[in-house]
Amino acid sequence: MRALLSSRTLYREQLEVCRGRLEALLARYWPEASRIVGLDSAALLTLLSTYGSPQQVAAQAEDAYALMVKTGGPCLCTDKAAAVVRTAATSSANSASVN
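Below or above, wherever it landed, is the structure these notes cover. Predicted model only: the values in this text are computed from it and were never measured.

The rules we used
- Residues numbered from 1 in each chain as written.
- Predicted model: local features only at pLDDT ≥ 70, side-chain atom pairs only at ≥ 80, totals over all residues.
- Heavy atoms only, no water.
- Helix = DSSP H or I, 4+ residues; strand = E, 2+ residues; numbered from the N terminus.
- Buried < 20%, exposed > 50% of the residue type's maximum accessible area, 1.4 Å probe, protein only.
- Arc of directions from axis to C-beta.
- Patch = residues over 30% accessible without salt bridge, like charges linked within 9 Å, V, L, I, M, F, W, Y side chains within 5 Å.
- Areas by Shrake-Rupley, 256 points an atom, 1.4 Å probe, with all protein chains shown as cover.
- Salt bridge = Lys/Arg side-chain N within 4 Å of Asp/Glu carboxyl O.

**Some remarks on the overall build of the protein**
Looking only at helices and strands, the protein features six helices and zero strands. Each helix and strand of the protein, placed in order from N terminus to C terminus, yields the pattern α-α-α-α-α-α. Dimensions along the principal axes, computed over C-alpha positions, put the protein at roughly 50 × 35 × 20 Å. In the protein, which comprises 99 residues, the proportion classed as buried is 30%.

This is the structure we're talking about:
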């Protein structure tokens, strides 16, 4: 039982480190996304793992929206999915002008 608890602690610490890294990257490149749905959203995590950046989401907006709706299911309001995809275009434009 101790080994399981120790293992759980190890993975929890790693999860928090990765979550902090993701939060920092989103704050820099796409701050609106985590304000709309939150970092614990399976739809947002799937979107990020599939497309990788707001530029790619904006380039494939219809597919990205469909993926978010499919992944989020009844837990994700379609208005929120649309808002995330819509903000990808503005974040893309802003990050492109900075770089």
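**Quick word on the side chain of Ser 41**
Relative to the helices and strands, Ser 41 resides in the loop between helix H2 (31-36) and helix H3 (42-51). On the accessibility criterion, Ser 41 (12% relative accessible area) is buried.

**A short note on H3**
Within H3, the full set of buried residues consists of Ala 43, Leu 44, Leu 47, Leu 48 and Tyr 51. Relative to the axis of H3, the buried residues are bounded by an arc of 130° and lie together on one face. Taken from the residues just after H3, Gly 52 is the one with a positive phi, measuring 85°.

**Notes on the environment of Ala 3**
Structurally, the position occupied by Ala 3 is in helix H1 (residues 2-29). Sequence spacing of Ala 3 and Cys 18 is 15 residues, and the spatial spacing of their C-alpha atoms is 23 Å.

**Comments concerning a nonpolar patch on the surface**
Taken together, the side chains of Met 1, Leu 4 and Leu 5 make up a nonpolar region of the molecular surface, amounting to roughly 390 Å² of accessible area. Along the polypeptide, Leu 4 turns up in helix H1.

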